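One letter stands for each residue in the lines below.
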Amino acid sequence: MSKLNAEERKARDNARFSQRVDERRTKGEDVVAYVLGNKLAFKFLTKPERHEFKQREAALEEEAKLKKQQAFQLKTEQELEKAEAAFTVPEE
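Reading the values: rules and limits
Residues numbered from 1 in each chain as written. Predicted model: local features only at pLDDT ≥ 70, side-chain atom pairs only at ≥ 80, totals over all residues. Heavy atoms only, no water. pLDDT = per-residue confidence, 0-100. Helix = DSSP H or I, 4+ residues; strand = E, 2+ residues; numbered from the N terminus. Core = buried A, V, L, I, M, F, W, Y, C linked by side-chain atoms within 4.5 Å. Buried < 20%, exposed > 50% of the residue type's maximum accessible area, 1.4 Å probe, protein only. Contact = heavy atoms within 4.5 Å. Phe/Tyr/Trp six-rings, centres within 6.5 Å; stacked < 30°, edge-to-face > 60°. Lys NZ or Arg CZ within 6 Å of the ring centre and 35° of its normal.

Going by what an unreviewed UniProt entry lists, the protein chain is known as DNA polymerase III subunit epsilon and is assigned to Shewanella baltica.

If you want it as structure tokens, here you go:
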């Protein structure tokens, strides 16, 4: 197989992504989910699909942010409990 230059590789990859998006669209599969997993295929979405992609991406980012915040809060609460336990004197 001959080596491809950057332009030829880009053209080949674009053709593959376009074909994959079209195949999923004709099968009735979730094209936006595919693009969420592979952002290079974004340029082959239709306008409504792009809008849905941006909404779902924002929702996923918000969900990840919330999970991170909850994990941080839990860790802080656990550290606070440890500190309180270290300073409390057991009553006898």
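## Digging into the confidence of the model for the protein chain
Taken over all residues, the pLDDT of the protein chain has a mean of 91, while the share at 70 or more is 95%. Least confident of the elements in the protein chain is helix α2 (residues 31-37), whose mean pLDDT is 92; most confident is helix α3 (residues 47-87), at 94.

## What to know about the nonpolar core
Core analysis: the biggest nonpolar cluster contains ten residues, these being F17, V21, V31, V32, Y34, V35, L36, A41, L45 and F53. Listed by contribution, the elements that provide at least two residues to this core are α1 (6-27) and α2. No other element matches α2, which puts five residues into this core. Apart from residues lying up to four places away in sequence, L45 is in contact with R25, V31, V35, R50 and F53.

## A short note on the packing of aromatic side chains
With the rule as written, the count across this model stands at one aromatic pair. Between the aromatic rings of F42 and F53, the centroid separation amounts to 5.1 Å while the plane-to-plane angle is 50°, which identifies the pairing as tilted. In this pair, F42 sits in the loop between α2 and α3 while F53 sits in helix α3, placing the two residues eleven residues apart along the sequence. Sitting above the plane of the Y34 ring, R24 keeps its charged end 4.1 Å from the centroid.

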